[in-house]
Amino acid sequence: DGGITQSPKYLFRKEGQNVTLSCEQNLNHDAMYWYRQDPGQGLRLIYYSQIVNDFQKGDIAEGYSVSREKKESFPLTVTSAQKNPTAFYLCASSKGAGEKLFFGSGTQLSVL
Amino acid sequence: GQQLNQSPQSMFIQEGEDVSMNCTSSSIFNTWLWYKQDPGEGPVLLIALYKAGELTSNGRLTAQFGITRKDSFLNISASIPSDVGIYFCAGRSGSARQLTFGSGTQLTVLP
């Protein structure tokens, strides 16, 4: 079955550490996205990519980095520069930019 | 940027009751989407709307694309316990490359 897979489900970060969240899709979608969700809040766009080897900053890109070396994969690195990283992170993909999104099951990141 | 106002922010209803929620935008949208998110999971697409005035159903759920193209509505009939979750609207204007999301409606169904 086609889908979008995020891993791990839970992740813990120590102070000053970089961590990478994985996102893989086998839907043959061109566009991929990363959102951050804080408790009781909506979705805020971190980064998005419309095509391989290209990506753009969203509304809250500071302290995060991404890469898009393969169509299927769009990993997100939460760097030590992100001072408040505790949140639920959602990866999504769409066939084209701005079309309906399909989401992964999310990664809960917490700081030790 | 574009703004979406979703209301109500939360709802507590009795099992069996009908539910209504809505989203309004500051600009004209050409796509409206409604998602549901269960706790600890990613949002799942419920209904997609692409034309002003369009009314689309998915089981007990019905959504409408407002005539002004600046609003959308979601109705749930005869609510059941598994309807609990957060409902998000999302929309896109003609030139936008990504969706704009509402802040969500937290629905609680009481037995």
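The following paragraphs examine the structure supplied in this document. In this text the structure is predicted, and so the values were computed from the model without any measurement. (Residues numbered from 1 in each chain as written. Chains lettered and ligands numbered in written order. Predicted model: local features only at pLDDT ≥ 70, side-chain atom pairs only at ≥ 80, totals over all residues. Heavy atoms only, no water.)

### So, the overall build of chain B
Stage number 1. When helices and strands are counted, chain B shows zero helices and 11 strands.
Stage number 2. The C-alpha atoms of chain B give a radius of gyration of 13 Å, which matches the 13 Å a tight globule of 111 residues would have.
Stage number 3. Each principal axis of the C-alpha atoms in chain B carries an extent, and together these give about 45 × 30 × 20 Å.
Stage number 4. For chain B, buried positions account for 45% of its 111 residues.
Stage number 5. For chain B, contacts bridging at least 24 residues in sequence account for 53% of all contacts bridging at least 6.
Stage number 6. Carbon together with sulfur atoms contributes 51% to the accessible area of chain B, which is approximately 5,200 Å² in total.
Stage number 7. Between the mean site of the 7 positive side-chain charges and the mean site of the 8 negative ones, chain B shows a separation of 17 Å. (Helix = DSSP H or I, 4+ residues; strand = E, 2+ residues; numbered from the N terminus. Rg over C-alpha atoms; globule rule 2.2 N^0.38 Å. Buried < 20%, exposed > 50% of the residue type's maximum accessible area, 1.4 Å probe, protein only. Contact = heavy atoms within 4.5 Å. Areas by Shrake-Rupley, 256 points an atom, 1.4 Å probe, with all protein chains shown as cover. Lys, Arg positive; Asp, Glu negative; His and termini not counted. Charge placed at Lys NZ, Arg CZ, Asp CG, Glu CD.)

### As for the packing of aromatic side chains
Both the distance between ring centres and the angle between the ring planes are used here to describe each pair of aromatic rings.
Stage number 1. Taken as a whole, this structure holds 10 aromatic pairs over all chains when the rule is applied.
Stage number 2. With 6.4 Å between their ring centres and 25 degrees between their planes, Tyr33(A) and Tyr35(A) make a pair best called stacked.
Stage number 3. You can call Tyr35(A) buried: its relative accessible area is 2%.
Stage number 4. On the numbers, 5.5 Å between centres and 75 degrees between planes, the contact of Tyr35(A) with Phe101(B) is edge-to-face. Residue Tyr35(A) is located in strand β4 (residues 31–37), and its partner Phe101(B) is located in strand β10 (residues 100–101); the two belong to separate chains.
Stage number 5. On the basis of relative accessibility, which here comes to 11%, the residue Phe101(B) falls in the buried class.
Stage number 6. An aromatic cluster is present here, built from Tyr33(A), Tyr35(A), Tyr48(A), Phe103(A), Tyr35(B) and Phe101(B) joined pairwise through their rings. (Phe/Tyr/Trp six-rings, centres within 6.5 Å; stacked < 30°, edge-to-face > 60°.)

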